[in-house]
Amino acid sequence: ERAILPSDWKGVYRCKKSGKYCAQLGFKGSIFYVGKYKLASDAALAHDKALKLFKVSNAKPNFATEQDHKRSRAAELTRTGLEADPRAVQKYMSVKLDAISSTRRDSADNGERAILTSDWKGVYRCKKSGKYCAQLGFKGSIFYVGKYKLASDAALAHDKALKLFKVSNAKPNF
């Protein structure tokens, strides 16, 4: 199981185990994984590109322009002392976005939902374990709730987390 540490970016969390930043997008009750990145700013850009891919017009992106990302990335590289080849990052990001795009096309073509999505809010199917994971987005952070054999159990755990965090504007599964 992964531990999630919040980040300052929308759609980005830090995986405690790997130390990398993960980007994901919640869209129409499903969560789409957009990849792991060394830099939080790169993960934030991947999230923004996924917003464009899904044509989400009512969400504010992390960066207004590509130049904003470049400035933020340069500052993060200086601050952390890490090295990350921008061409390799862009190529990886393109592969991830292409995979999401083809998954959406495939699922639309045959009437099935993508493997990583579920019919429950805050629940997705973990590709590696095959179990259902519950998570909650709250105040710009994503909180991991747990893994469950049944999607309905994960949905119930999500609803309990809603109550625990006193999220009043979200509609529970049950």
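Placed above this text is the structure.
Thresholds, definitions, all that
Residues numbered from 1 in each chain as written. Predicted model: local features only at pLDDT ≥ 70, side-chain atom pairs only at ≥ 80, totals over all residues. Heavy atoms only, no water. Disulfide = S-S within 2.5 Å. Helix = DSSP H or I, 4+ residues; strand = E, 2+ residues; numbered from the N terminus. Buried < 20%, exposed > 50% of the residue type's maximum accessible area, 1.4 Å probe, protein only. Phe/Tyr/Trp six-rings, centres within 6.5 Å; stacked < 30°, edge-to-face > 60°.

Such a bond, covalent and formed between the sulfur atoms of two cysteines, is termed a disulfide. Counted under the stated rule, the structure contains zero disulfides. Here C22 is not disulfide-linked; the sulfur of C15 is the nearest cysteine sulfur, at 5.1 Å.

The next point concerns unusual backbone geometry. Phi at K55 takes a positive value of approximately 55 degrees, unusual for a residue other than glycine. You can see K55 is positioned in the loop between helix 1 (40-53) and helix 2 (66-80). Look at K55 and you get exposed, because its relative accessible area is 72%.

Attention now moves to the packing of aromatic side chains. Inspection of the entire model under this criterion finds four aromatic pairs. Centroid distance W9 to F63: 4.8 Å. Interplanar angle 40 degrees. Geometry classified as tilted. Here W9, found in the loop between strand 1 (4-6) and strand 2 (12-15), pairs with F63, found in the loop between helix 1 and helix 2; they are 54 residues apart in sequence, far enough to count as distant. Relative to F54, the ring of F32 lies with its centre 4.8 Å away and its plane at 50 degrees, an arrangement referred to as tilted. Here F32, found in strand 4 (residues 30-37), pairs with F54, found in the loop between helix 1 and helix 2; they are 22 residues apart in sequence, far enough to count as distant. F54 matches F32 in its accessibility class, with the two residues each being buried.

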